[in-house]
Amino acid sequence: MSDIQYIHGKQPHPREYRLIFRNVDRVGWDPSLHTYRNDGGYEQLRHALTMDPKAITDEVKASGLRGRGGAGFPTGVKWGFIPPNNTKPVYLICNADESEPGTFKDRYILHQDPHQLIEGMVISCFAVGAKLAYIYVREEFPEAAHILERALAEAREANLLGHNILGSGFDCEIHVHRGAGAYICGEETGLIESLEGKRPYPRIKPPYFPAAMGLYMCPTIVNNVESLCHVKHIIRMGGEEYSKLGTPRNTGTRIVCVSGDVKKPGYYEIEVGKLTMGELLHEVCGGPKDGRSFKAVIPGGSSAKIMRCEESFKIGKGDDAKTLSFYDLPLDFDTLAAAGSMAGSGGVIVMDDSRRMSWVLNNLNKFYAHESCGQCTPCREGSTWMRKITDRLVAGTAAPSDIDTLNSIAYQIDGKTICAFGEACSWPVEAMIDKFRDELISETSESNEGIAHSAENEAQRRFLQPSQS
Amino acid sequence: MSDVLNNLVASPQTPGTKHYTPFAATDDVNAQADRRIAQYPPDRKRSAVLPLLHIVQHEFGFISSDAIDWIAGRLGIEPIKVLEVVTFYPGLRQTAPGKYHIRVCRTLSCAMGGSYELMEKLCELTKADLSKMDPHHHPIVVSPCGTWSVEFAECLASCGTAPVCLVNDDFHEGLAPEKASDLLKQYND
Ligand SMILES: Cc1cc2nc3c(=O)[nH]c(=O)nc-3n(C[C@H](O)[C@H](O)[C@H](O)COP(=O)(O)O)c2cc1C
Ligand code: SF4
Ligand code: FES
């Protein structure tokens, strides 16, 4: 890797391990097929096409790769869920919706290294037996859609797509499908409905697990952009060797996106679990802004539960149990889950001591209230109620009891909806109240108890208490 | 059609209307549609509804009721099935935006970086009426001259370079509020 030069000011941090982002911000790099092939591109595809498709899935299983889209589900295991006696067409979908607030990694792969994704996708299609695949790109990436279309045309021209790829007898086609600005299209079954030309209302699981009943009710594998890129490197290194990157059960590298109140926000590719929160925030990101100190961190996209920076966590069970400060937590799936949050999509949002938590929560509540698809009552109504309560909190017209109401609304959504958006919108509220209740309460006032917050409210109050009006 | 349905497909004029030609199913538009429809299995033409809507919005600025009827005809589905899609997605418009449509990200990292102040500044400069901007529904506000329109968007997936926005299909990052006027100057014509 020593011969690779990066654009001045965009060099990777020494603690990074660039695998997927090897070519991002690279001097002399462009998204063309020519450049990619000169760098050894598509050799892994050539090799994979000589393998038994099942053996590819086995390598991916051996690599321990866990999905980078949010849930961290093992990719090889997911591929294995396609019913063995299936006779229907199989589809592969690349989830390039990248809509979880705080996440901005797929953007750079799509814009700067589209052929890495295409190579990973064709290998994955071969492994799962898919002849038709789609890249679902969010509408707000018009340039990425354009770059992908061009890259796909180049690949088709060079027989890396289409009929009888590289003389292997394998046919495969990939198309770009653009979304239209809805977060819920990132949820895999919402995405599938959207791709079918309908409103993106998520399907209930069970029974609609995409691997068995997905696009057009056929077996469908949905994977995140970054996950599919890893497949190429697993073929190059071998699953066993790949699994030595990172830590056991949390293998490989992943791209962490840091935004908010740090000196150097940005994207950093690290070996999973080899860096602690403190190392990431202080060493790699340059610490807090001058004169400030860190207050709270959302570690895995806006849906992940917020963590307090001065907190300690008990990790592990029995004899292995240990207490770690927030800054000593290693960045991996299992530790963050044990600490009550999640690694999610890798989007780390940092807040310093200048931030009001009521304002932060209100901003997130606005997002979720806007993005609920409206299918389930708890989510549709609840997300808006939660927004309204935090609107009042920010405006100074909330009462202490509103905090309890807010909490109870969140718990009445969580676990009671069709899709995981229910958790995505209620976890931030639950965690904020859990960690910052005193601060939230301090912005309320007893004197706001019982005041009317809308014309209907006022009419209702007059009706119920006619003598006082 | 009932009034309710009529209202749902109506596209009232805006100051931006003058920048767009009315929908027409030209040879070019039909050829673009053919290419998109061919991307899906022959018995799954309905999948092309979003791609066709994108063609229309790109060429004609917004989705009119004529366009909805044309798409329904091309895909062999009822117009209501096109309309239900149009009314769901925040990225699809039923009225003309300005010549330049600006979408400012309002989600957490951008808000911390000053995107609400950026929006205020943009509205001040373009004379778009900020008070018409309901923070929940993100409606488009067109400037009186019709050159500009503004809208809030949710996280545009570039939180590390906040605040960010899209102007038509161009992406702009690191837009501290004081850069608002330089941004507009790039499009002044
Ligand atoms: C509300 C919601 C939004 C999601 N948004 C995204 C997204 O933008 N990108 C993504 O890759 N996965 C997203 N996911 C996760 C997908 O449903 C799915 O698990 C993922 O694409 C699987 O890919 P992976 O196994 O490679 O991670 C979202 C999930 C939910 C519940
Ligand atoms: S949980 Fe929310 S987003 Fe998910 S299906 Fe129900 S209403 Fe839609
Ligand atoms: S919050 Fe604005 S791009 Fe993510």
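Residues numbered from 1 in each chain as written. Chains lettered and ligands numbered in written order. Predicted model: local features only at pLDDT ≥ 70, side-chain atom pairs only at ≥ 80, totals over all residues. Heavy atoms only, no water.

## Notes on the overall build of chain B
Tallying secondary structure elements over chain B gives 8 helices and 5 strands in all. Going residue by residue from the N terminus, the α and β elements of chain B occur as α-α-α-α-α-β-α-α-β-β-β-β-α. In terms of overall size, chain B behaves like a compact globule, its C-alpha atoms giving a radius of gyration of 18 Å where 189 residues would be expected to give roughly 16 Å. Expressed as a percentage of its 189 residues, the buried residues of chain B come to 55%. Considering only contacts within chain B whose residues lie at least 6 apart along the sequence, 63% involve residues at least 24 apart. On chain B, roughly 8,200 Å² of surface is accessible, and the fraction owed to carbon and sulfur atoms is 52%. Each charge class in chain B can be summarised by its mean position, and for the 17 positive and 23 negative side chains these summaries are 2 Å apart. (Helix = DSSP H or I, 4+ residues; strand = E, 2+ residues; numbered from the N terminus. Rg over C-alpha atoms; globule rule 2.2 N^0.38 Å. Buried < 20%, exposed > 50% of the residue type's maximum accessible area, 1.4 Å probe, protein only. Contact = heavy atoms within 4.5 Å. Areas by Shrake-Rupley, 256 points an atom, 1.4 Å probe, with all protein chains shown as cover. Lys, Arg positive; Asp, Glu negative; His and termini not counted. Charge placed at Lys NZ, Arg CZ, Asp CG, Glu CD.)

## Examining the site of ligand 2
In the vicinity of ligand 2 there are 13 residues, among which Cys373(A), Gln375(A), Cys376(A), Cys379(A) and Cys419(A) approach most closely. Per-class residue counts for the shell around ligand 2 are 8 nonpolar, 5 polar and no charged. (Near = heavy atom within 4 Å. Nonpolar A, V, L, I, M, F, W, Y, C, P; charged D, E, K, R; others polar.)

## Examining helix 3 (residues 53-63) of chain A
All names here are of chain A. When helix 3 is considered as a whole, its buried residues turn out to be Ile56, Thr57, Val60 and Ser63. Buried residues of helix 3, seen end-on, are gathered within an arc of 120° and therefore sit on one face of the element. Each element contacted by the buried residues of helix 3 is listed here: helix 2 (43-48), helix 4 (75-79), helix 6 (114-128), helix 9 (225-237), helix 10 (239-242) and strand 6 (250-251). With its phi angle positive at about 75°, Gly64 sits one or two positions after the end of helix 3. (Arc of directions from axis to C-beta.)

## Overview of the sheet that holds strand 1 (residues 100-105) of chain B
Strand pairing in a sheet relies on backbone hydrogen bonds, with the paired strands running either antiparallel or parallel. All names here are of chain B. One open sheet holds the 5 strands; their spatial order is 2-3-1-4-5, and the pairing between them is mixed. Because the sheet does not close on itself, it has two edges, and the strands there are strand 2 (141-142) and strand 5 (170-172). Two elements, strand 4 (residues 165-167) and strand 5, share 3 bridges in a ladder whose sense is antiparallel. Opposite Cys165, over in strand 5, you have His172 as the bridge partner. Sheet strands touched by helix 7 (residues 115-126): strand 1 and strand 3 (148-153). Its angle to strand 3, the strand with the most contacts, is close to 165°. (Pairing = 2+ DSSP bridges. Axes fitted to C-alpha atoms, helices over the stretch in contact; angles between N-to-C directions.)

## As for the domain arrangement of chain A
All names here are of chain A. Domain parsing of chain A yields domain 1 (33-244), domain 2 (252-352) and domain 3 (357-442). For domain 1 and domain 2, the distance between their C-alpha centroids amounts to 28 Å. Contacts between the two partners involve 19 residues from domain 1, matched on the other side by 22 residues from domain 2. Both faces considered, domain 1 and domain 2 share a buried interface measuring about 1,500 Å² in area, 56% of it formed by carbon and sulfur atoms. Of all residues in domain 1, Arg66, Arg68 and Phe104 bury the most surface against domain 2, accounting for 31% of the area lost on that side. Our count for the domain 1 to domain 2 interface comes out at 1 salt bridge. A salt bridge links Arg66 to Asp334, with the shortest nitrogen-to-oxygen separation between them at 3.3 Å. The interface formed by domain 1 and domain 2 contains 9 residue pairs in polar contact (both at pLDDT 80 or more). (Domains from an automatic or database assignment. Buried area = accessible area lost by both parts, 1.4 Å probe. Salt bridge = Lys/Arg side-chain N within 4 Å of Asp/Glu carboxyl O. Polar contact = N/O pair within 3.5 Å; in protein donor to acceptor, adjacent residues only side chain to side chain.)

## Here we look at the sheet that holds strand 2 (residues 130-137) of chain A
Residues and elements named next belong to chain A. Here 4 strands make up an open sheet; going across it, the order is 3-2-1-4 and the pairing parallel. Both edges of this open sheet fall to strand 3 (173-178) and strand 4 (220-224), since each of them pairs with a single strand only. Taking the axes of each pair of neighbouring strands and ignoring which way they run, one obtains an average angle of 20° across the sheet. In the sheet, strand 1 (residues 90-96) pairs with strand 2 via 7 bridges, with the strands oriented parallel. When the bridges of strand 2 are listed, Asn95 appears paired with Tyr136.

## Observations regarding the pattern of salt bridges
Considering all chains together, one arrives at 46 salt bridges over all chains under this definition. Arg462(A) is the partner of Glu458(A) in a salt bridge, and the nearest nitrogen-oxygen pair spans 3.1 Å. On the criterion of helical spacing, the pair formed by Glu458(A) and Arg462(A) is a turn pair, its members being 4 residues apart in helix 17 (residues 455-464). The shortest N-O distance in the salt bridge between Glu124(B) and Lys121(B) comes to 3.7 Å. Highlighted residues: Glu124(B) and Lys121(B), both in helix 7, separated by 3 residues, approximately one helical turn. On the basis of relative accessible area, Lys121(B) is assigned to the partly exposed category, the value being 31%. Each of Arg68(A), Lys105(A), Asp106(A) and Glu226(A) takes part in a single network of salt bridges with overlapping partners.

## What to know about the pairing of strand 2 of chain A
Residue and element names in this part refer to chain A. Most of strand 2 sits inside the fold, with 7 of its 8 residues counted as buried. Relative to strand 3, strand 2 runs parallel, the two sharing 6 bridges. Residue Val137 lies in a different strand from strand 3, and its bridge partner there is Arg178. On the question of chirality, the crossover connecting strand 2 to the parallel strand 3 by way of helix 7 (residues 142-157) is right-handed. (Right-handed = clockwise from strand over helix to strand, strands pointing away.)

## Quick look at the interface of chain A and chain B
Taken residue by residue, the interface counts 59 residues in chain A and 41 residues in chain B. Overall, the association of chain A and chain B removes approximately 4,000 Å² of surface from exposure, summing both partners, and the carbon and sulfur fraction of that is 57%. Looking only at chain A, the three residues that lose the most surface to chain B are Arg199(A), Tyr216(A) and His370(A), adding up to 15% of its buried area. Along the contact surface separating chain A from chain B lie 2 salt bridges. In this structure, Arg103(B) and Glu139(A) form a salt bridge, with 3.0 Å as the shortest nitrogen-oxygen distance. Of the residues belonging to the side of chain A that touches chain B, the class tally is 30 nonpolar, 13 polar and 16 charged.

## Description of the site of ligand 1
All names here are of chain A. Around ligand 1, the structure places 17 residues, and the nearest of them are Gly69, Lys78, Asn223, Asn224 and Ser227. At 3.2 Å from a nitrogen atom of ligand 1 is found a main-chain nitrogen or oxygen belonging to Gly186. Computed on the free molecule, ligand 1 has an accessible area of 610 Å², of which 90% lies beneath the protein chains in the complex.

## A closer look at the packing of helix 3 of chain A against helix 9 of chain A
Axes are the key here: two packed helices are described by the angle between their axes and the distance separating the axes. Residues and elements named next belong to chain A. It is the contact of helix 3 with helix 9, at a shortest axis distance of 10 Å, that shows an interaxial angle of 95°. Relative to helix 9, the element helix 3 lies roughly perpendicular. Between helix 3 and helix 9, the contacting residues are Ile56, Glu59, Val60 and Ser63 on the first element and Val231, Ile234 and Ile235 on the second. Among the residues making up the contact of helix 3 with helix 9, the classes are represented as 5 nonpolar, 1 polar and 1 charged. (Parallel < 35°, antiparallel > 145°, perpendicular 65-115°, else oblique.)

## Things to note about the packing of aromatic side chains
As enumerated under the stated definition, the model contains 21 aromatic pairs over all chains in all. Centre to centre, the rings of Tyr91(A) and Tyr216(A) are 5.6 Å apart; their planes meet at 80°, and the pair counts as edge-to-face. Of the two residues, Tyr91(A) sits in strand 1 while Tyr216(A) sits in the loop between helix 8 (188-195) and strand 4, which places them 125 residues apart along the sequence. Each of the two residues, Tyr91(A) as well as Tyr216(A), counts as buried. Seen in terms of ring centroids, Phe88(B) and Tyr89(B) are 5.4 Å apart; in terms of plane orientation they differ by 75°. Their pairing is edge-to-face. We note that Phe88(B), like Tyr89(B), is buried. Site record: aromatic cluster; members linked through ring pairs are Tyr183(A), Phe367(A), Tyr368(A) and Phe421(A). (Phe/Tyr/Trp six-rings, centres within 6.5 Å; stacked < 30°, edge-to-face > 60°.)

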